[in-house]
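Here is how the chains run, residue by residue.
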Amino acid sequence: MQEKDKLTAECVDLNHQGQGVCKFDGFPIFVDYLLPGEKATIVINRLTKNYGFGAILELLEKSPNRVEPRCSAFGKCGGCEIMHLDYSGQLEYKKQMAISTFHKIGHLDNLPVAGILGMDDPYFYRNKVQIPFQQQNGKAVCGFFKRGSHEIYPLSECYIEPVLATAIAKFLRDLFNDYRIPAYNEKNRSGVLRHVLIRKNIVDEYMVVIITNTRTFANQDEIVRKLVSHFANIKTVIHSFNPKDSNVVLGSKSRVLFGGGILNEKLLGLHFTVSHQSFFQTNFEQTEKLYKTVLKYANPKKNETIVDGYCGVGTVSLYLAGHCKKVIGIEIVEDAIKDAKGNAMINGIENAEFMVGKAEEEILKLEDVHIDTMVIDPPRKGCDPRLLAAIKARKIGKIIYVSCDVATLARDLEMLVTDYEIKEITLVDMFPQICDVETVARLELKS
Ligand SMILES: C[S@@+](CC[C@H](N)C(=O)[O-])C[C@H]1O[C@@H](n2cnc3c(N)ncnc32)[C@H](O)[C@@H]1O
(Lines give C-alpha, C1' and ligand atoms only; values in the text may rest on other atoms or scores of the structure.)
Protein backbone atom coordinates (compact mmCIF):
# COMPACT_ATOMS: atom_id res chain seq x y z
CA MET A 1 0.00 0.00 0.00
CA GLN A 2 1.23 3.49 -0.87
CA GLU A 3 0.08 7.06 -0.42
CA LYS A 4 -2.39 8.16 -3.15
CA ASP A 5 -3.52 4.53 -3.69
CA LYS A 6 -7.26 4.16 -4.34
CA LEU A 7 -8.88 1.19 -2.63
CA THR A 8 -12.26 -0.24 -1.74
CA ALA A 9 -12.61 -0.20 2.02
CA GLU A 10 -15.08 -1.59 4.51
CA CYS A 11 -15.47 0.17 7.83
CA VAL A 12 -15.46 -2.07 10.90
CA ASP A 13 -15.38 0.42 13.79
CA LEU A 14 -15.06 4.07 14.84
CA ASN A 15 -11.90 5.27 16.61
CA HIS A 16 -11.74 7.84 19.43
CA GLN A 17 -11.77 10.75 16.97
CA GLY A 18 -14.91 9.40 15.27
CA GLN A 19 -12.97 8.25 12.18
CA GLY A 20 -13.99 5.02 10.46
CA VAL A 21 -11.54 2.15 11.00
CA CYS A 22 -10.84 0.00 7.92
CA LYS A 23 -8.44 -2.96 8.06
CA PHE A 24 -6.24 -4.23 5.21
CA ASP A 25 -4.64 -7.51 6.33
CA GLY A 26 -4.93 -6.19 9.86
CA PHE A 27 -3.32 -2.82 8.98
CA PRO A 28 -5.65 0.00 10.12
CA ILE A 29 -6.57 2.94 7.91
CA PHE A 30 -8.59 5.72 9.57
CA VAL A 31 -11.09 7.35 7.23
CA ASP A 32 -12.85 10.63 8.06
CA TYR A 33 -16.67 10.45 8.09
CA LEU A 34 -16.95 6.73 7.24
CA LEU A 35 -19.29 4.73 9.50
CA PRO A 36 -19.22 1.08 10.60
CA GLY A 37 -20.88 -1.19 8.03
CA GLU A 38 -20.20 1.25 5.19
CA LYS A 39 -18.19 0.53 2.04
CA ALA A 40 -16.37 3.24 0.11
CA THR A 41 -13.71 3.91 -2.45
CA ILE A 42 -11.02 5.72 -0.50
CA VAL A 43 -7.72 7.39 -1.24
CA ILE A 44 -4.76 6.85 1.09
CA ASN A 45 -3.53 10.30 2.19
CA ARG A 46 -0.86 9.42 4.70
CA LEU A 47 0.90 6.29 5.89
CA THR A 48 2.90 5.69 9.06
CA LYS A 49 4.54 2.46 10.23
CA ASN A 50 1.52 1.27 12.22
CA TYR A 51 -1.48 2.92 10.60
CA GLY A 52 -2.64 5.28 7.85
CA PHE A 53 -5.25 7.89 6.98
CA GLY A 54 -7.67 7.95 4.08
CA ALA A 55 -10.53 10.00 2.67
CA ILE A 56 -13.78 8.93 1.04
CA LEU A 57 -13.86 9.31 -2.77
CA GLU A 58 -17.18 7.56 -3.26
CA LEU A 59 -19.57 6.06 -0.74
CA LEU A 60 -20.62 2.64 -2.08
CA GLU A 61 -22.80 1.33 0.77
CA LYS A 62 -24.46 3.54 3.39
CA SER A 63 -25.06 2.77 7.06
CA PRO A 64 -28.71 2.98 8.24
CA ASN A 65 -27.34 5.23 11.02
CA ARG A 66 -26.01 7.84 8.58
CA VAL A 67 -27.88 11.17 8.66
CA GLU A 68 -27.51 14.41 6.73
CA PRO A 69 -25.48 16.71 9.06
CA ARG A 70 -27.54 19.76 10.03
CA CYS A 71 -24.57 22.10 9.72
CA SER A 72 -23.28 23.07 6.29
CA ALA A 73 -19.78 23.52 7.76
CA PHE A 74 -19.59 19.92 9.03
CA GLY A 75 -16.50 18.24 7.57
CA LYS A 76 -14.77 21.59 6.98
CA CYS A 77 -14.94 23.12 10.45
CA GLY A 78 -13.30 20.89 13.11
CA GLY A 79 -15.86 21.66 15.82
CA CYS A 80 -18.08 18.57 15.43
CA GLU A 81 -16.89 15.04 14.74
CA ILE A 82 -19.91 12.72 14.47
CA MET A 83 -22.81 14.85 13.23
CA HIS A 84 -23.22 12.37 10.34
CA LEU A 85 -24.18 9.62 12.82
CA ASP A 86 -27.76 9.56 14.14
CA TYR A 87 -28.15 10.32 17.85
CA SER A 88 -28.93 6.77 18.99
CA GLY A 89 -25.82 5.69 17.03
CA GLN A 90 -23.76 8.39 18.80
CA LEU A 91 -24.88 7.15 22.22
CA GLU A 92 -24.12 3.51 21.39
CA TYR A 93 -20.71 4.50 19.95
CA LYS A 94 -19.79 6.37 23.17
CA LYS A 95 -20.82 3.43 25.34
CA GLN A 96 -18.77 0.95 23.28
CA MET A 97 -15.81 3.36 23.16
CA ALA A 98 -15.85 3.63 26.96
CA ILE A 99 -16.03 -0.16 27.39
CA SER A 100 -13.12 -0.70 24.98
CA THR A 101 -11.06 2.03 26.70
CA PHE A 102 -11.60 0.41 30.12
CA HIS A 103 -10.27 -2.79 28.53
CA LYS A 104 -7.34 -1.33 26.55
CA ILE A 105 -6.03 1.23 29.05
CA GLY A 106 -7.32 0.02 32.42
CA HIS A 107 -7.21 -3.74 31.63
CA LEU A 108 -10.69 -3.85 33.14
CA ASP A 109 -13.39 -6.09 31.68
CA ASN A 110 -17.06 -6.76 32.37
CA LEU A 111 -17.51 -3.50 34.24
CA PRO A 112 -21.08 -2.74 35.35
CA VAL A 113 -21.87 -0.03 32.77
CA ALA A 114 -25.52 0.79 33.50
CA GLY A 115 -26.10 2.90 30.38
CA ILE A 116 -25.75 6.33 28.84
CA LEU A 117 -28.03 9.32 29.52
CA GLY A 118 -28.68 11.26 26.31
CA MET A 119 -30.26 14.64 25.54
CA ASP A 120 -33.82 15.23 24.35
CA ASP A 121 -32.56 17.64 21.68
CA PRO A 122 -28.80 17.26 21.11
CA TYR A 123 -28.15 20.71 19.55
CA PHE A 124 -27.36 24.27 20.74
CA TYR A 125 -26.38 22.90 24.14
CA ARG A 126 -23.06 24.58 24.99
CA ASN A 127 -23.34 27.30 27.60
CA LYS A 128 -19.70 28.30 27.17
CA VAL A 129 -17.73 28.78 23.97
CA GLN A 130 -14.17 29.97 23.37
CA ILE A 131 -13.87 31.24 19.83
CA PRO A 132 -10.38 31.88 18.40
CA PHE A 133 -9.66 34.77 16.03
CA GLN A 134 -7.17 34.91 13.19
CA GLN A 135 -6.23 37.33 10.43
CA GLN A 136 -7.08 35.91 6.97
CA ASN A 137 -6.67 37.95 3.75
CA GLY A 138 -6.22 41.13 5.77
CA LYS A 139 -9.38 40.66 7.87
CA ALA A 140 -10.16 39.19 11.28
CA VAL A 141 -12.09 35.90 11.11
CA CYS A 142 -13.40 33.74 13.93
CA GLY A 143 -14.52 30.12 14.12
CA PHE A 144 -13.31 26.62 15.01
CA PHE A 145 -9.98 25.28 13.82
CA LYS A 146 -10.14 22.94 10.83
CA ARG A 147 -9.53 19.33 11.86
CA GLY A 148 -5.88 18.73 12.82
CA SER A 149 -4.82 22.30 11.96
CA HIS A 150 -4.44 25.77 13.38
CA GLU A 151 -6.29 27.37 10.51
CA ILE A 152 -9.74 28.73 11.36
CA TYR A 153 -12.77 27.76 9.31
CA PRO A 154 -14.75 31.03 9.33
CA LEU A 155 -17.88 30.81 11.45
CA SER A 156 -21.22 31.32 9.75
CA GLU A 157 -23.59 29.05 11.70
CA CYS A 158 -23.15 26.61 14.56
CA TYR A 159 -25.48 23.91 15.89
CA ILE A 160 -23.80 23.21 19.21
CA GLU A 161 -23.37 26.71 20.61
CA PRO A 162 -26.25 29.11 21.39
CA VAL A 163 -27.47 31.05 18.33
CA LEU A 164 -26.87 34.30 20.20
CA ALA A 165 -23.25 33.32 21.02
CA THR A 166 -22.57 32.88 17.30
CA ALA A 167 -24.20 36.26 16.61
CA ILE A 168 -22.15 37.98 19.35
CA ALA A 169 -18.86 36.53 18.03
CA LYS A 170 -19.66 37.62 14.46
CA PHE A 171 -20.74 41.09 15.62
CA LEU A 172 -17.45 41.54 17.52
CA ARG A 173 -15.48 40.31 14.52
CA ASP A 174 -17.19 42.94 12.35
CA LEU A 175 -16.57 45.68 14.90
CA PHE A 176 -12.86 44.83 15.14
CA ASN A 177 -12.67 44.85 11.34
CA ASP A 178 -14.52 48.21 11.18
CA TYR A 179 -11.96 49.71 13.55
CA ARG A 180 -9.12 47.94 11.69
CA ILE A 181 -7.90 46.17 14.82
CA PRO A 182 -6.07 43.04 13.64
CA ALA A 183 -6.49 39.57 15.11
CA TYR A 184 -3.55 37.87 16.82
CA ASN A 185 -0.96 36.06 14.71
CA GLU A 186 0.42 33.16 16.73
CA LYS A 187 3.46 32.73 14.45
CA ASN A 188 4.99 36.19 14.91
CA ARG A 189 2.90 37.09 18.00
CA SER A 190 1.65 40.34 16.46
CA GLY A 191 -1.95 41.58 16.34
CA VAL A 192 -4.50 42.11 19.08
CA LEU A 193 -7.63 39.96 19.35
CA ARG A 194 -6.96 36.33 20.36
CA HIS A 195 -10.25 34.83 21.56
CA VAL A 196 -13.75 35.70 22.64
CA LEU A 197 -15.17 33.64 25.49
CA ILE A 198 -18.96 33.69 25.73
CA ARG A 199 -20.92 32.22 28.61
CA LYS A 200 -24.68 31.99 28.86
CA ASN A 201 -26.85 31.21 31.87
CA ILE A 202 -30.13 29.34 32.10
CA VAL A 203 -32.21 32.52 31.60
CA ASP A 204 -30.25 33.45 28.47
CA GLU A 205 -28.04 36.18 29.97
CA TYR A 206 -24.50 36.44 28.60
CA MET A 207 -20.96 37.14 29.78
CA VAL A 208 -18.49 38.18 27.07
CA VAL A 209 -14.74 38.04 27.66
CA ILE A 210 -12.54 39.73 25.04
CA ILE A 211 -9.04 38.26 25.19
CA THR A 212 -6.24 40.25 23.59
CA ASN A 213 -2.49 40.06 23.23
CA THR A 214 -2.28 43.71 24.30
CA ARG A 215 -2.83 45.43 27.66
CA THR A 216 -5.57 47.62 26.13
CA PHE A 217 -7.23 47.82 22.73
CA ALA A 218 -8.19 50.80 20.59
CA ASN A 219 -11.80 52.07 20.50
CA GLN A 220 -12.57 49.95 23.57
CA ASP A 221 -15.43 52.15 24.83
CA GLU A 222 -17.17 52.36 21.45
CA ILE A 223 -16.80 48.61 20.88
CA VAL A 224 -18.31 47.76 24.27
CA ARG A 225 -21.08 50.36 23.91
CA LYS A 226 -22.06 49.09 20.46
CA LEU A 227 -21.93 45.47 21.62
CA VAL A 228 -24.14 45.87 24.69
CA SER A 229 -26.60 48.17 22.98
CA HIS A 230 -27.03 45.63 20.16
CA PHE A 231 -27.41 42.62 22.50
CA ALA A 232 -29.55 43.48 25.54
CA ASN A 233 -28.89 39.98 26.95
CA ILE A 234 -25.21 40.75 27.56
CA LYS A 235 -24.94 41.41 31.30
CA THR A 236 -21.19 41.83 31.58
CA VAL A 237 -18.12 42.37 29.39
CA ILE A 238 -14.59 41.64 30.61
CA HIS A 239 -11.20 42.25 29.03
CA SER A 240 -8.53 39.62 29.65
CA PHE A 241 -4.90 40.42 28.78
CA ASN A 242 -3.00 37.34 27.57
CA PRO A 243 0.45 38.03 26.09
CA LYS A 244 1.64 34.42 26.62
CA ASP A 245 2.93 32.26 23.79
CA SER A 246 0.73 29.27 24.67
CA ASN A 247 -2.61 27.63 23.96
CA VAL A 248 -4.05 28.79 27.30
CA VAL A 249 -7.01 31.00 26.42
CA LEU A 250 -7.39 33.36 29.38
CA GLY A 251 -4.72 35.72 30.64
CA SER A 252 -4.01 36.16 34.34
CA LYS A 253 -4.96 39.89 34.35
CA SER A 254 -8.47 41.12 33.62
CA ARG A 255 -10.69 44.21 33.90
CA VAL A 256 -14.45 44.51 33.92
CA LEU A 257 -15.57 46.79 31.07
CA PHE A 258 -19.32 46.53 31.61
CA GLY A 259 -21.64 45.10 34.29
CA GLY A 260 -20.69 43.20 37.43
CA GLY A 261 -18.06 40.78 36.04
CA ILE A 262 -20.03 37.67 36.99
CA LEU A 263 -22.91 35.58 35.71
CA ASN A 264 -25.73 34.23 37.92
CA GLU A 265 -26.54 30.57 37.33
CA LYS A 266 -29.28 28.32 38.66
CA LEU A 267 -29.03 24.54 38.88
CA LEU A 268 -31.19 22.02 40.74
CA GLY A 269 -32.84 24.78 42.76
CA LEU A 270 -29.52 26.34 43.87
CA HIS A 271 -28.11 29.73 42.87
CA PHE A 272 -24.49 30.17 41.78
CA THR A 273 -22.39 33.14 40.80
CA VAL A 274 -19.62 32.29 38.38
CA SER A 275 -16.62 34.45 37.52
CA HIS A 276 -14.98 34.21 34.12
CA GLN A 277 -12.05 32.05 35.25
CA SER A 278 -14.12 29.51 37.16
CA PHE A 279 -15.15 26.16 35.76
CA PHE A 280 -18.86 25.53 35.21
CA GLN A 281 -20.24 22.48 33.38
CA THR A 282 -21.02 23.36 29.76
CA ASN A 283 -24.40 21.66 29.26
CA PHE A 284 -27.22 22.59 31.71
CA GLU A 285 -29.66 19.79 30.86
CA GLN A 286 -27.01 17.09 31.19
CA THR A 287 -25.36 18.63 34.26
CA GLU A 288 -28.57 18.16 36.21
CA LYS A 289 -28.59 14.48 35.16
CA LEU A 290 -24.90 14.18 36.06
CA TYR A 291 -25.31 15.68 39.53
CA LYS A 292 -28.42 13.61 40.24
CA THR A 293 -26.35 10.51 39.38
CA VAL A 294 -23.60 11.68 41.77
CA LEU A 295 -26.19 12.08 44.54
CA LYS A 296 -27.74 8.68 43.79
CA TYR A 297 -24.29 7.02 43.85
CA ALA A 298 -23.12 8.86 46.99
CA ASN A 299 -26.45 8.09 48.71
CA PRO A 300 -25.23 9.99 51.79
CA LYS A 301 -26.58 9.59 55.30
CA LYS A 302 -27.34 12.60 57.46
CA ASN A 303 -24.31 11.94 59.68
CA GLU A 304 -21.75 11.56 56.88
CA THR A 305 -18.89 13.76 55.68
CA ILE A 306 -18.07 14.12 52.00
CA VAL A 307 -14.93 15.62 50.45
CA ASP A 308 -15.41 17.08 46.94
CA GLY A 309 -11.86 16.97 45.59
CA TYR A 310 -12.11 19.20 42.50
CA CYS A 311 -15.06 21.35 43.48
CA GLY A 312 -14.99 24.30 41.05
CA VAL A 313 -17.51 26.92 42.25
CA GLY A 314 -19.00 24.38 44.66
CA THR A 315 -21.89 23.09 42.55
CA VAL A 316 -21.67 19.41 43.56
CA SER A 317 -20.59 20.27 47.12
CA LEU A 318 -23.58 22.51 47.74
CA TYR A 319 -25.99 20.05 46.12
CA LEU A 320 -24.70 17.24 48.35
CA ALA A 321 -24.59 19.45 51.47
CA GLY A 322 -28.38 19.25 51.74
CA HIS A 323 -28.12 15.48 52.19
CA CYS A 324 -25.23 14.94 54.64
CA LYS A 325 -23.58 16.34 57.78
CA LYS A 326 -20.74 18.21 56.13
CA VAL A 327 -19.02 18.76 52.77
CA ILE A 328 -15.46 19.97 52.29
CA GLY A 329 -14.64 21.26 48.79
CA ILE A 330 -11.07 21.52 47.50
CA GLU A 331 -10.17 23.53 44.39
CA ILE A 332 -6.97 24.89 42.88
CA VAL A 333 -8.42 28.14 41.41
CA GLU A 334 -8.67 30.82 44.08
CA ASP A 335 -11.46 32.75 42.31
CA ALA A 336 -13.55 29.57 42.09
CA ILE A 337 -13.22 29.10 45.87
CA LYS A 338 -14.29 32.73 46.41
CA ASP A 339 -17.32 31.93 44.20
CA ALA A 340 -17.95 28.69 46.13
CA LYS A 341 -17.94 30.46 49.51
CA GLY A 342 -20.26 33.17 48.15
CA ASN A 343 -22.50 30.47 46.67
CA ALA A 344 -22.78 28.74 50.05
CA MET A 345 -23.85 32.09 51.55
CA ILE A 346 -26.47 32.97 48.93
CA ASN A 347 -28.01 29.53 49.30
CA GLY A 348 -27.95 29.73 53.12
CA ILE A 349 -25.79 26.57 53.33
CA GLU A 350 -23.73 26.39 56.51
CA ASN A 351 -22.34 22.84 56.42
CA ALA A 352 -19.96 23.37 53.47
CA GLU A 353 -16.31 24.42 53.83
CA PHE A 354 -13.91 25.21 51.03
CA MET A 355 -10.11 25.01 50.75
CA VAL A 356 -7.87 26.51 48.05
CA GLY A 357 -5.13 24.17 46.88
CA LYS A 358 -4.33 20.93 45.13
CA ALA A 359 -6.60 18.04 46.11
CA GLU A 360 -3.54 15.74 46.36
CA GLU A 361 -1.95 18.08 48.92
CA GLU A 362 -4.97 19.45 50.80
CA ILE A 363 -6.30 15.97 51.56
CA LEU A 364 -3.23 15.41 53.72
CA LYS A 365 -4.33 18.32 55.93
CA LEU A 366 -7.63 16.57 56.69
CA GLU A 367 -6.02 13.90 58.88
CA ASP A 368 -8.44 14.49 61.74
CA VAL A 369 -11.59 14.37 59.60
CA HIS A 370 -13.43 11.09 59.10
CA ILE A 371 -14.29 11.06 55.38
CA ASP A 372 -17.16 8.76 54.39
CA THR A 373 -17.24 9.57 50.68
CA MET A 374 -14.77 11.15 48.30
CA VAL A 375 -16.10 12.82 45.15
CA ILE A 376 -13.45 13.36 42.46
CA ASP A 377 -14.12 15.29 39.26
CA PRO A 378 -10.66 16.13 37.88
CA PRO A 379 -9.79 17.87 34.60
CA ARG A 380 -9.00 15.74 31.54
CA LYS A 381 -5.57 14.70 32.79
CA GLY A 382 -7.19 12.75 35.64
CA CYS A 383 -6.05 12.49 39.26
CA ASP A 384 -2.59 12.97 40.63
CA PRO A 385 -1.44 9.50 41.83
CA ARG A 386 -0.76 11.07 45.24
CA LEU A 387 -4.49 11.69 45.69
CA LEU A 388 -5.37 8.10 44.77
CA ALA A 389 -2.68 6.84 47.16
CA ALA A 390 -4.03 9.05 49.96
CA ILE A 391 -7.60 7.82 49.39
CA LYS A 392 -6.43 4.21 49.53
CA ALA A 393 -4.26 4.79 52.60
CA ARG A 394 -7.19 6.39 54.44
CA LYS A 395 -9.54 3.55 53.42
CA ILE A 396 -12.32 5.98 52.48
CA GLY A 397 -15.49 3.88 52.14
CA LYS A 398 -16.92 5.25 48.91
CA ILE A 399 -15.53 7.04 45.87
CA ILE A 400 -17.65 8.77 43.25
CA TYR A 401 -15.37 9.44 40.29
CA VAL A 402 -16.72 11.88 37.66
CA SER A 403 -14.60 12.07 34.53
CA CYS A 404 -14.62 13.89 31.19
CA ASP A 405 -11.89 11.65 29.75
CA VAL A 406 -12.45 7.90 29.73
CA ALA A 407 -8.76 7.20 29.04
CA THR A 408 -7.48 8.83 32.24
CA LEU A 409 -10.45 7.42 34.16
CA ALA A 410 -9.48 3.91 33.01
CA ARG A 411 -5.87 4.53 34.10
CA ASP A 412 -6.98 5.76 37.55
CA LEU A 413 -9.55 2.98 38.02
CA GLU A 414 -6.81 0.43 37.41
CA MET A 415 -4.92 1.96 40.35
CA LEU A 416 -8.01 1.87 42.56
CA VAL A 417 -9.32 -1.65 41.85
CA THR A 418 -6.63 -3.17 44.11
CA ASP A 419 -8.62 -1.84 47.08
CA TYR A 420 -12.00 -0.88 45.61
CA GLU A 421 -14.82 -2.65 43.81
CA ILE A 422 -16.43 -0.81 40.89
CA LYS A 423 -20.14 -1.08 41.66
CA GLU A 424 -21.71 0.86 38.80
CA ILE A 425 -20.83 3.21 35.95
CA THR A 426 -23.17 5.63 34.17
CA LEU A 427 -22.23 7.64 31.09
CA VAL A 428 -23.72 11.09 30.53
CA ASP A 429 -23.67 12.63 27.06
CA MET A 430 -22.52 16.17 27.82
CA PHE A 431 -21.10 16.70 24.31
CA PRO A 432 -23.43 15.56 21.48
CA GLN A 433 -21.93 15.68 17.94
CA ILE A 434 -18.45 15.34 19.52
CA CYS A 435 -16.72 12.10 20.55
CA ASP A 436 -16.21 12.99 24.24
CA VAL A 437 -18.38 11.54 26.99
CA GLU A 438 -18.75 12.18 30.72
CA THR A 439 -18.59 9.19 33.06
CA VAL A 440 -19.63 8.65 36.69
CA ALA A 441 -18.29 5.61 38.56
CA ARG A 442 -19.26 4.39 42.02
CA LEU A 443 -16.55 2.51 43.91
CA GLU A 444 -16.73 0.89 47.32
CA LEU A 445 -13.90 -0.20 49.58
CA LYS A 446 -13.42 -3.99 49.44
CA SER A 447 -14.23 -5.58 52.74
C1 LIG B 1 -13.94 19.14 35.63
S2 LIG B 1 -13.89 20.51 36.75
C3 LIG B 1 -15.09 20.02 37.93
C4 LIG B 1 -15.68 21.11 38.78
C5 LIG B 1 -16.97 20.79 39.53
N6 LIG B 1 -16.98 19.47 40.07
C7 LIG B 1 -18.18 21.04 38.66
O8 LIG B 1 -18.90 20.09 38.34
O9 LIG B 1 -18.42 22.19 38.28
C10 LIG B 1 -12.34 20.27 37.51
C11 LIG B 1 -11.95 21.33 38.51
O12 LIG B 1 -10.73 20.92 39.14
C13 LIG B 1 -9.91 22.05 39.33
N14 LIG B 1 -8.54 21.51 39.53
C15 LIG B 1 -7.61 21.21 38.59
N16 LIG B 1 -6.54 20.62 39.17
C17 LIG B 1 -6.81 20.52 40.48
C18 LIG B 1 -6.10 19.99 41.60
N19 LIG B 1 -4.89 19.44 41.46
N20 LIG B 1 -6.68 20.06 42.82
C21 LIG B 1 -7.90 20.63 42.98
N22 LIG B 1 -8.62 21.17 41.96
C23 LIG B 1 -8.08 21.10 40.73
C24 LIG B 1 -10.16 22.90 38.12
O25 LIG B 1 -9.82 24.25 38.34
C26 LIG B 1 -11.68 22.70 37.91
O27 LIG B 1 -12.42 23.66 38.62
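Scoring rules and cut-offs
- Residues numbered from 1 in each chain as written.
- Predicted model: local features only at pLDDT ≥ 70, side-chain atom pairs only at ≥ 80, totals over all residues.
- Heavy atoms only, no water.
- Helix = DSSP H or I, 4+ residues; strand = E, 2+ residues; numbered from the N terminus.
- Expected span 1.5 Å × (residues − 1).
- Buried < 20%, exposed > 50% of the residue type's maximum accessible area, 1.4 Å probe, protein only.
- Arc of directions from axis to C-beta.
- Contact = heavy atoms within 4.5 Å.
- Salt bridge = Lys/Arg side-chain N within 4 Å of Asp/Glu carboxyl O.
- Near = heavy atom within 4 Å.
- Polar contact = N/O pair within 3.5 Å; in protein donor to acceptor, adjacent residues only side chain to side chain.
- Areas by Shrake-Rupley, 256 points an atom, 1.4 Å probe, with all protein chains shown as cover.
- Nonpolar A, V, L, I, M, F, W, Y, C, P; charged D, E, K, R; others polar.
- Domains from an automatic or database assignment.
- Pairing = 2+ DSSP bridges.
- Axes fitted to C-alpha atoms, helices over the stretch in contact; angles between N-to-C directions.

**Re helix α6 (residues 334-346)**
And then number 1: Taking 1.5 Å of rise per residue, 13 residues should cover 18 Å, and α6 covers 19 Å from first to last C-alpha, within 8% of that figure.
And then number 2: All of the buried residues along α6 are A336, I337, D339, A340, N343 and A344. The buried side chains of α6 occupy one side of the element, clustering within an arc of 155° when seen end-on. Looking at α6, the residues exposed on the side facing more than 90 degrees away from the buried face are E334, K338, M345 and I346.
And then number 3: Tucked into the core, α6 has its buried residues touching β15 (270-275), α5 (315-321), β17 (326-331) and β18 (352-356).
And then number 4: Following α6 by one or two positions, G348 has its phi on the positive side, about 65°.

**Brief notes about the pattern of salt bridges**
And then number 1: Per the stated rule, a full pass over the model turns up 20 salt bridges.
And then number 2: A salt bridge links R66 to E38, with the shortest nitrogen-to-oxygen separation between them at 2.7 Å. In this pair, R66 sits in the loop between β5 (52-61) and α1 (87-104) while E38 sits in the loop between β3 (27-31) and β4 (39-47), placing the two residues 28 residues apart along the sequence.
And then number 3: K338 is paired through a salt bridge with D335; the nearest N and O atoms lie 3.7 Å apart. Placement of the pair is K338 and D335 together in helix α6, with a separation of three residues, close to one helical turn.
And then number 4: On the basis of relative accessible area, D335 is assigned to the partly exposed category, the value being 27%.

**Quick word on the site of the ligand**
And then number 1: Within the structure, the ligand sits among 18 residues, and Q281, Y291, E331, A359 and D377 are positioned closest to it.
And then number 2: Between the ligand and the protein, one listed contact pairs a nitrogen atom with a side-chain N or O atom of E360 at 3.2 Å.
And then number 3: Coverage of the ligand by the protein amounts to 91% of the 600 Å² it exposes when considered alone.
And then number 4: Here the residues of the shell around the ligand are counted per class, giving nine nonpolar, five polar and four charged.

**So, the domain arrangement of the protein chain**
Accessible area lost upon the coming together of the parts is a frequently used measure of interface size.
And then number 1: Structurally, the protein chain comprises domain 1 (1-66), domain 2 (98-119 + 271-445) and domain 3 (128-267).
And then number 2: Using only C-alpha atoms to locate each centre, domain 1 and domain 3 end up separated by 37 Å.

**Overview of the side chain of D412**
And then number 1: Locating D412 in the fold gives a position in helix α9 (residues 406-416).
And then number 2: Note on D412: relative accessible area 1%, which makes it buried.
And then number 3: Among the polar contacts listed, one links the side chain of D412 to the backbone nitrogen of C383, at a separation of 2.9 Å.
And then number 4: Sequence-distant contacts of D412, defined by excluding residues within four places in its chain, comprise G382, C383, L388 and Y401.

**Concerning the sheet that holds strand β7 (residues 128-136)**
And then number 1: A sheet is described by the order of its strands in space; here seven strands give the open sequence β9-β8-β7-β10-β11-β12-β13, paired in mixed fashion. If you trace the sheet from one side to the other, it starts and ends with β9 (152-154) and β13 (253-258), each paired once. When the angles between neighbouring strand axes are averaged without regard to direction, this sheet yields 35°.
And then number 2: Where β7 meets strand β10 (residues 193-200), five bridges bridge the pair, whose relative direction is antiparallel. Counted as the bridge partner of K128 is R199 from β10.
And then number 3: The strands touched by helix α2 (residues 163-178) within the sheet are β7, β8 (139-145), β10, β11 (206-212) and β12 (234-241), with β11 carrying the most contacts at an inclination of about 40°.

**What to know about helix α4 (residues 284-298)**
And then number 1: The end-to-end C-alpha distance of α4 is 21 Å, a good match for the 21 Å that 15 residues give at a rise of 1.5 Å each.
And then number 2: F284, Q286, T287, L290, Y291, T293, V294, L295, Y297 and A298 are the residues of α4 that are buried.
And then number 3: Of the residues that open α4, the one with a side-chain oxygen 3.4 Å from the backbone nitrogen of E285 is N283.
And then number 4: One or two residues past the end of α4 sits N299, with phi positive at roughly 40°.

**Points about the sheet that holds strand β19 (residues 373-376)**
And then number 1: Taking strand neighbours across the sheet as the criterion, the eight strands line up as β6-β21-β22-β20-β19-β16-β17-β18 in an open arrangement whose pairing is mixed. Since the sheet does not close on itself, it has two edges, and those belong to β6 (113-117) and β18, each with one partner. Direction aside, the axes of adjacent strands within the sheet are offset by 15° on average.
And then number 2: The sheet contact formed by β6 and strand β21 (residues 420-428) spans four bridges and is parallel. Bridge pairing in β21 links V113 to I425.
And then number 3: With respect to the sheet, α9 is in contact with β20 (398-403), β21 and β22 (438-445), its orientation differing from that of β20 by roughly 160°.

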